[in-house]
Amino acid sequence: MGYMLEGVLSIMNLPVLGLILLGVVAGIVIGAVPGLSVTMGVALFLPLTYKMEPVAALALIMGLYIGGTSGGLISAILLKIPGTAASIATTFDGYPMAERGEAGKALGVGIVFSFIGGLFSYIVLMLIAPSVAKVALQFGPYEYFSLAAFSLTMIASLSSGSLLKGILSGMLGFCISFVGMAPITGYPRFTMGIRQLKGGFQLLPVLIGLFAISQILIFAEERNKEEDGSIAEYKIKGFGFTLEEVKGQGFNTFISALIGTGVGILPGLGASVCNILAYGTVKNHSKYPEKFGTGIVDGIVASETSNNASTGGALVPLMTLGIPGDNTTAIILAGFMVHGISPGPMLFEEQGALVYGIFASLIVANIFMLAAEFLGMRVFVKLLSIPKNILLPVVIAFCVVGAFGVNNRVFDVAAMLFFGVIGYVMKKFKFPESPIILGIILGPILETNLRRGLMKSQGSFLPFLTEPISALFLIITLIVLLLTIRKEYNKAKAAKAVA
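Please read these numbers as outputs of a predicted model, since none were measured by experiment.

Caption draft 1: Fine view of the overall build of the protein. Helix and strand content of the protein: 21 helices and 2 strands. For 499 residues, the compact-globule estimate of 2.2 N^0.38 gives 23 Å, and the protein sits close to it at 22 Å. Counting only C-alpha atoms, the protein reaches 70 × 65 × 50 Å along its principal axes. Counting over 499 residues, the protein shows a buried share of 55%. Across the protein, the fraction of contacts at a sequence separation of at least 24, relative to all contacts at a separation of at least 6, is 79%. Approximately 22000 Å² of the protein is accessible, and the part contributed by carbon and sulfur atoms is 69%. If the 32 positive side-chain charges of the protein are averaged to one point and the 26 negative ones to another, these points end up 8 Å apart.

Right under this line is the structure:
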């Protein structure tokens, strides 16, 4: 209790609260701009913290982390372009709602449930971080392989009516993930003699191309269509929605927060995966799965609750074990190290006041995020009144900057444009884009842990089936596959009967 009180008091002063607010607002802007990323924002601000006190520096970084993760919902809903990979699933229902003139409602639901998801994960972080981290340590190559295999079953939920197209999209994602140096052996694959391809395709340029550039091409194709401006003129009262409109979202919120926190805890996955997994899970358990993708609040609740819950989850292994879960937490780890702090089991014992200061800054940053996005909602909606011939070139410029900024290579800009064309073709032929992203993210995890597991077992597949956690995930995967096959068979049978 002494540490807790000292930690809370360490941030309850105007300079530190001002830094948290600055971090949150800057994070929201960075997250909302397509092409920029939370990782990039934290890296840009890190040098500014060198001469700050540790609590103030880490409070600023936590504000950036939370604001950036949530900010992606703004462009995802208003432009159908996810500001970050964490908001991919938000586009599925957010943009259709905006097209119907319900941009205010979509933004309000996203903001409120971002807050709830974040708060849930911070409570988990404070109460059971060391215990949860010990469970996460039980995950080895067998468990990660099985978890990735289970995650791939979400392709069926994200296939938008055509399972075949979803599977083909996922396979294309796998093929893209295999380009570059093979894990473990380091052998170059599918590089076609191009030196830049040895490092493979970076996720951010691929994501920008598939979701941002392709959507801009669609907008350009539809430039002659009249815009009625109904979205921009939408009147917002409060958060844009009533309690009646989110009634019954308790299960969706809880399960999405659990998925976000759990996936965040496991190193190597993060918000880019959990928002898609949560969306697919909620859709599978819904009484009206056919409505997903048409503009319902359930999809926004799932995506935004889970991606913000992953922020607290990702800090569990970072603070208790010193293990970063993704690129952003790796930069945050650098922030700890710069100030002479070594995250790990002894951090809670040796610097308890600092730990509780970080916990308090997370909760304060989450509240500031809710307030800042609520106050900015009316401004966000008004962005839709900007003519697209002015807005979209600005978006393209930010996309180019974001792609180039990953590794300072023009090659990544070219890759972004290449995948933009692929995304455009996929949209024209109604191929879902989410499975391809799932394939790109999960492909390396699946392959690397398969190789590691086989090396560990000296070529035997048996441990994948006998290790308890791995076996559990594989059994669940098999059950989901059988249920999917049964569902598709019944659907085809019903369609044949109608014909």
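Caption draft 2: Fine view of helix α13 (residues 297-321). Given a rise of 1.5 Å per residue, 25 residues ought to cover 36 Å, and the 37 Å separating the end C-alpha atoms of α13 matches this to within 8%. Counting buried residues along α13, 24 of its 25 residues qualify, which places the element largely inside the surrounding structure. Just past α13, the residue G322 takes up positive phi, approximately 75°.

Caption draft 3: Molecular detail of the packing of helix α7 (residues 141-151) against helix α19 (residues 434-456). The N-to-C vectors of α7 and α19 enclose an angle of 150°; their axes lie 8 Å apart at closest approach. When the interaxial angle is binned, α7 and α19 end up roughly antiparallel. For the crossing formed where α7 meets α19, the hand is left-handed. Between α7, through P141, Y142, Y144, F145, A148, A149 and S151, and α19, the contact on the second element is made entirely by L438, L442, I445, L446, N449, L450, R452, G453 and K456. Each residue belonging to the contact of α7 with α19 can be placed in one class, and the counts come to 11 nonpolar, 3 polar and 2 charged.

Caption draft 4: Fine view of helix α18 (residues 410-428). For α18, which comprises 19 residues, the first-to-last C-alpha distance of 28 Å matches the rise-based estimate of 27 Å (1.5 Å per residue) to within 8%. Residues of α18 that are buried: F411, D412, V413, A415, M416, F419, G420, G423, M426 and K427. Its buried side turned inward, α18 meets α9 (163-177), α10 (203-221), α17 (388-407) and α19. Positive backbone phi, approximately 60°, marks K430, located one or two places after α18.

Caption draft 5: Molecular detail of empty space enclosed by the protein. All chains considered together, the criterion is met by 1 cavity of 30 Å³ or more. Here the largest cavity is characterised by a volume of approximately 70 Å³. Forming the boundary of the largest cavity are 13 residues, of which G35, P82, G83, L207 and I208 lie nearest the centre. Considering only residue class, the lining of the largest cavity consists of 10 nonpolar, 3 polar and no charged.

Caption draft 6: Broad picture of the environment of I123. Looking at the secondary structure, you find I123 in helix α6 (residues 103-136). You can call I123 partly exposed: its relative accessible area is 38%. Remark: the alpha-carbon pair of I123 and P435, spanning 312 residues in sequence, is separated by 32 Å.

Caption draft 7: Spatial organisation of a nonpolar patch on the surface. A surface patch of nonpolar side chains, about 380 Å² in accessible area, is lined by L164, I167, L168 and M171. Note on placement: L164 falls in helix α9. Judged by its relative accessible area of 60%, L164 is exposed.

Caption draft 8: Examining the pattern of salt bridges more closely. Within the structure shown, the criterion is met by 8 salt bridges. Ionic pairing is found between E102 and K105, a salt bridge with its closest N-O pair at 3.7 Å. Of the charged contacts in the structure, one is a salt bridge between E447 and R451, with a shortest N-O distance of 3.3 Å. Here the residue E447 and the residue R451 both occupy positions in helix α19, the gap between them amounting to 4 residues, near one helical turn. On the basis of relative accessibility, which here comes to 13%, the residue E447 falls in the buried class. A relative accessible area of 28% places R451 in the partly exposed class. Residues participating in the shared-partner salt-bridge network are R100, E102, K105 and E245.

Caption draft 9: Representation of the packing of aromatic side chains in the model. Tallied over the full model, the rule gives 15 aromatic pairs. A network of ring pairs unites the aromatic residues F139, Y144, F150 and F473 as a single cluster. Between K165 and the ring centre of F431, over which it is positioned, the NZ or CZ distance is 5.4 Å.

Caption draft 10: Layout of the packing of helix α11 (residues 250-265) against helix α12 (residues 271-284). Close contact between α11 and α12 brings their axes to 9 Å; oriented N to C, the two are set at 150°. In terms of crossing hand, the pair formed by α11 and α12 is right-handed. Here N252, I255, S256, I259, G260 and V263 of α11 lie close against α12, whose contacting residues are C274, L277, A278, T281 and V282. For the contact of α11 with α12, the per-class residue count stands at 7 nonpolar, 4 polar and no charged.

Caption draft 11: Spatial organisation of unusual backbone geometry. Of note, the phi angle at K430 is positive, near 60°, even though the residue is not glycine. One can find K430 in the loop between α18 and α19. One non-glycine residue with positive phi stands out, namely Q458, at about 60°. Residue classification places Q458 among the exposed positions, given a relative accessible area of 76%.

So, how was this worked out
Residues numbered from 1 in each chain as written. Predicted model: local features only at pLDDT ≥ 70, side-chain atom pairs only at ≥ 80, totals over all residues. Heavy atoms only, no water. Helix = DSSP H or I, 4+ residues; strand = E, 2+ residues; numbered from the N terminus. Rg over C-alpha atoms; globule rule 2.2 N^0.38 Å. Buried < 20%, exposed > 50% of the residue type's maximum accessible area, 1.4 Å probe, protein only. Contact = heavy atoms within 4.5 Å. Areas by Shrake-Rupley, 256 points an atom, 1.4 Å probe, with all protein chains shown as cover. Lys, Arg positive; Asp, Glu negative; His and termini not counted. Charge placed at Lys NZ, Arg CZ, Asp CG, Glu CD. Expected span 1.5 Å × (residues − 1). Axes fitted to C-alpha atoms, helices over the stretch in contact; angles between N-to-C directions. Parallel < 35°, antiparallel > 145°, perpendicular 65-115°, else oblique. Left-handed = near helix turned anticlockwise from the far one by under 90°. Nonpolar A, V, L, I, M, F, W, Y, C, P; charged D, E, K, R; others polar. 1 Å grid on protein atoms, 1.4 Å probe; cavity = no way out; pocket = protein on both sides within 12 Å on 5 of 7 lines; lining within 4 Å. Points joined across faces, edges and corners; volume = space filled by probe spheres on them. Patch = residues over 30% accessible without salt bridge, like charges linked within 9 Å, V, L, I, M, F, W, Y side chains within 5 Å. Salt bridge = Lys/Arg side-chain N within 4 Å of Asp/Glu carboxyl O. Phe/Tyr/Trp six-rings, centres within 6.5 Å; stacked < 30°, edge-to-face > 60°. Lys NZ or Arg CZ within 6 Å of the ring centre and 35° of its normal.

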